[in-house]
Amino acid sequence: MVVKSAQDTHSMGAGRGTLFLWPDHWQVLGQLMPNRAHRHISASLLVGLDQSFRLQVDGQWRRTRAAVVAPDVPQALDPGCAAMWIAQLDPDSPFWRALAPLVGDDRSVDIAFSKEMRLPTGETGCAAMRNHLSGLVRRVGHPPAALDDRVSRVCESLRRDLPDKLDVSALAAGVGLSNSRLSHLFRQQTGVPLRRFLLHLKMTRALSFWTPGKPVSHVAAEAGFYDQPHLVRTAREMFDALPSEVIAKGWLRVCRCPSA
């Protein structure tokens, strides 16, 4: 596996794809492996760059060229021979809030493919990938609705502290709400429960810590999981595979990107 610095740009060359990691989302680009049903806590934007692919949502398969899947919805991917571009968007991110109106009350929606979705030749570094996503979201999405300030502050607190255990009482008191009101408001605004959101943040941190040969138990401890089995269960639920398995087999390069 090749791990590149945040400033590196590179072609797809060796390996089957590239994983770009940011604090508020991540993107995958390349020829990807099919997977079984799994459930990302983040929202998914999936684009077949050169042809359509098969997408399963809630057990139902369909063929599409571009689609959005809401957070925490079961999905599976059969890319076939398609070159894929996938973005996993944090439930509180402006990217997802701009695309959420397209999905509305549905769990997933197809979006019209356009030539602007294709990546410029040779431009696959961190800055180019983020700019490409931003441009697509502006073209097909809506102006992102602002999060309730109390929910935004809770998200910031969880990202900053990444606690081992979720203390809903402390979070609720910090924003002047009851436990039940905060839990309801958070899910209403983001589409996911507080506990699932914290789990997503821990997995994002685990991905950022994953390096070749590093014991999974060490990654689990650094990312705030209870133990190695907890990390393994979560990874398989979210990805249908351990990131270490995918990376070790040379299917993905990793590019760790700075905050915008």
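Keep in mind the model is a prediction, meaning the values are calculated, not measured. (Residues numbered from 1 in each chain as written. Predicted model: local features only at pLDDT ≥ 70, side-chain atom pairs only at ≥ 80, totals over all residues. Heavy atoms only, no water.)

**With respect to the pattern of salt bridges**
A side chain of one charge can pair with a side chain of the opposite charge if their charged atoms are brought near each other. One pass over the structure, following the stated rule, counts 15 salt bridges. A salt bridge links Arg62 to Asp110; the nearest nitrogen and oxygen atoms lie 2.8 Å apart. A residue pair is termed long-range when its members are at least 10 positions apart, and Arg62 in strand β6 (residues 60-64) and Asp110 in strand β10 (residues 108-110) qualify at 48 residues. Classification of Asp110 by relative accessible area gives partly exposed; the value is 39%. Between Glu222 and Lys214 there is a salt bridge, with its nearest N and O atoms 2.6 Å apart. Using a relative accessible area of 36% as the deciding quantity, one classes Glu222 as partly exposed. You can call Lys214 partly exposed: its relative accessible area is 22%. Each member of the salt-bridge network shares a partner with another, and the members are Arg39, Asp72, Arg196 and Glu237. (Salt bridge = Lys/Arg side-chain N within 4 Å of Asp/Glu carboxyl O. Helix = DSSP H or I, 4+ residues; strand = E, 2+ residues; numbered from the N terminus. Buried < 20%, exposed > 50% of the residue type's maximum accessible area, 1.4 Å probe, protein only.)

**Observations regarding the nonpolar core**
The nonpolar side chains of soluble globular proteins are, as a tendency, buried together. Core analysis: the biggest nonpolar cluster contains 83 residues, and Leu158 and Leu231 have the highest contact counts within it. At 8 residues, helix α6 (residues 194-209) tops the list of elements feeding residues into this core. Ignoring sequence-local partners within four residues, the contact set of Leu231 consists of Met203, Ala206, Trp210, Val216, Val219, Ala220 and Phe225. (Core = buried A, V, L, I, M, F, W, Y, C linked by side-chain atoms within 4.5 Å. Contact = heavy atoms within 4.5 Å.)

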